[in-house]
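# Structural features, examined
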Amino acid sequence: MEFNSDVIVFWIVVINAVIAILYMAVMGIKTKLPYVFQRGFVMLLCPVTGLFCYFFSYLIGLFFRNKDVDYDNLSMDKSRKEFLETVDKEREMEVLPLEEVLTVAVAKDRRRAMLNMLKMDISEKLSLVRKAVENEDSETSHYAAAALTDVFNKFTQQLNEFQVKYDDDRSNQQTNVEFLDAVLRILNSGGLIGVEETKYDYMYINLMENLEKFHPDAITESHYAMMVRALERIGKSKEAEDWAELSLKRQPDSEQSYLNVMYIKYILGKEAEFNEILQKLTKSSISLSQKGLDIVRFWLAK
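The following refers to the structure shown. (Residues numbered from 1 in each chain as written. Predicted model: local features only at pLDDT ≥ 70, side-chain atom pairs only at ≥ 80, totals over all residues. Heavy atoms only, no water.)

### Re the nonpolar core
Rule in force here: As used here, the term nonpolar core means buried Ala, Val, Leu, Ile, Met, Phe, Trp, Tyr and Cys residues forming a set that is joined through side-chain atoms within 4.5 Å. Exposure is judged per residue with a 1.4 Å probe applied to protein chains only, and the accessible area is read against the type maximum: over 50% gives exposed, under 20% gives buried, and values in between give partly exposed. Secondary structure elements are defined from DSSP: runs of H or I of at least 4 residues count as helices, runs of E of at least 2 residues count as strands, and each element is numbered from the N terminus. Residues are treated as being in contact if the distance between any of their heavy atoms lies within 4.5 Å.
One finds V183, Y200, Y204 and W243 to be the most contacted residues of the largest nonpolar core, which totals 51 residues. Top element by residues in this core is helix 8 (residues 138–168). It accounts for 9 residues. Other than its neighbours up to four places away in sequence, Y204 contacts L180, V183, L184, L187, S222, H223, M226 and M227.

See the structure below:
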């Protein structure tokens, strides 16, 4: 009796397909594991070969399943492995920049990252929290909005306490500096936008003018730097330029003083004066920070 090879191949493919489909149906219902369907598709795509591979894999597992394993002789036992895998995942979520987590992670991971951050002091990370408020995941956005509200409520309460002391005696150096530093922190946090930032810019400027009136020697380079930027933001560029030049006059050995002047000269489009200050900075004996070096190198390469 002759056998048509095409017919044989046809029936092999059919039988293989039936076995693969039955395997996926039975094992899928029984175990509810995703790899069952992956195996089934491999069987469908690789007739006979796929079927035998998994059949022999099953036999090997059947024969060696109950074999005792001496975990004491292994470099990593099961419990330690499970523990480290858990720790690694949590650590990765903490190490990843929050911006990336909020952008590419699934909703559950975004929420976990947000909650982990909220367990810490977020006063220096308000820009990230502000960004999280706009997140597409409503729960992540809710966590961030609640955190921002809580931080600003505490900050407002602190400022109100400073305001009472400040109004009692505006010539008191300690009160003025503490009040000024509190406003400086919130301006540097990156959590303010629009009218919120403008409100604190004006508050900061008034406090700086008062400190200049009574205790000019108490003004630090950080105070000058923010004064220049606050004045420039509210449209008072000429006053910002005056304060930048005042900072350089009083603190000629400060890198920040030069950067203040360069910043406002650039904003005002005074290229010649900008280059003059840049050259003075490069020829000075000031030991530049990494930030200062990057700025100088950038402009010298122009």
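Following the structure, the description resumes.
### Thoughts on the environment of Y266
Its location among the elements puts Y266 in helix 13 (residues 255–268). With sequence-adjacent residues up to four places away left out, Y266 is seen in contact with F274 and W299.

### A look at the pattern of salt bridges
The criterion, for reference: For salt bridges, the criterion is a side-chain nitrogen of Lys or Arg within 4 Å of an Asp or Glu carboxyl oxygen.
Tallied over the entire structure, the rule returns 11 salt bridges. Where E197 meets R233, a salt bridge forms, and the shortest distance between an N and an O atom there is 3.8 Å. You can see E197 sitting in helix 10 (residues 194–214) and its partner R233 sitting in helix 11 (residues 221–233), a full 36 residues away along the chain. For R233, a relative accessible area of 34% translates into the label partly exposed. Salt-bridge contacts for R250 lead to E212; the nearest nitrogen and oxygen are separated by 2.7 Å. With R250 in helix 12 (residues 237–250) and E212 in helix 10, this residue pair connects regions lying 38 residues apart in the sequence. A relative accessible area of 22% means that E212 is categorised as partly exposed. Each of E241, E245, K265, K270 and E273 takes part in a single network of salt bridges with overlapping partners.

### Examining helix 11
Along an α-helix, a turn takes 3.6 residues, which lines up residues three or four apart on a common side. Put simply, the test is: The span you would expect from a helix comes to 1.5 Å times its residue count less one.
With 13 residues, helix 11 ought to run about 18 Å at 1.5 Å a step, and its terminal C-alpha atoms sit 19 Å apart, in line with that. Buried within helix 11 are the following residues: H223, Y224, A225, M226, M227, V228, A230, L231 and E232. Of the surrounding secondary structure, the elements contacted by the buried residues of helix 11 are helix 9 (173–188), helix 10, helix 12 and helix 13. Just downstream of helix 11, G235 is the residue with a positive phi angle, here 90 degrees.

### A few points about the packing of aromatic side chains
The description of an aromatic ring pair uses the distance of the two centres, along with the angle that the planes make with each other. For clarity, the threshold we go by: Here a pair means two rings of Phe, Tyr or Trp (six-membered ring of Trp) with centres within 6.5 Å. Their orientation is stacked below 30 degrees between planes, edge-to-face above 60, and tilted elsewhere.
Scanning the entire structure with this criterion turns up 8 aromatic pairs. Taking 5.5 Å as the distance between ring centres and 55 degrees as the angle between the ring planes, the aromatic pair formed by Y266 and W299 counts as tilted. On the criterion of sequence distance, the pair formed by Y266 in helix 13 and W299 in helix 15 (residues 290–300) is long-range, its members being 33 residues apart. With a centroid separation of 5.1 Å and 85 degrees between ring planes, the pair formed by F298 and W299 is classed as edge-to-face. Residue classification places F298 among the partly exposed residues on the basis of a relative accessible area of 46%. Classification of W299 by relative accessible area gives partly exposed; the value is 25%. Members of the aromatic cluster, connected to one another through ring pairs, are Y266, F274, F298 and W299.

### Focus: a nonpolar patch on the surface
Convention followed: Two joining distances apply to patches: 9 Å for like charges and 5 Å for nonpolar side chains (Val, Leu, Ile, Met, Phe, Trp, Tyr), and every residue must have over 30% relative accessible area and no salt bridge. Reported accessibility uses the Shrake-Rupley method at a 1.4 Å probe radius. Residues are deemed covered only where the shown protein chains occlude them.
The grouping of V7, F10, W11, I15 and I19 at the surface amounts to a nonpolar patch, some 490 Å² of accessible area in total. Checked against the element boundaries, I19 lands in helix 1 (residues 5–31). Look at I19 and you get partly exposed, because its relative accessible area is 34%.

### Some points on helix 10
Taking 1.5 Å as the rise per residue, helix 10 with 21 residues should run 30 Å; its terminal C-alpha atoms sit 31 Å apart, in good agreement. Looking only at helix 10, the buried set comprises Y200, D201, Y204, I205, L207, M208, N210 and L211. Looking at the buried residues of helix 10, the elements they touch are helix 8, helix 9, helix 11 and helix 12.

These figures come from the coordinates and say nothing about function on their own.
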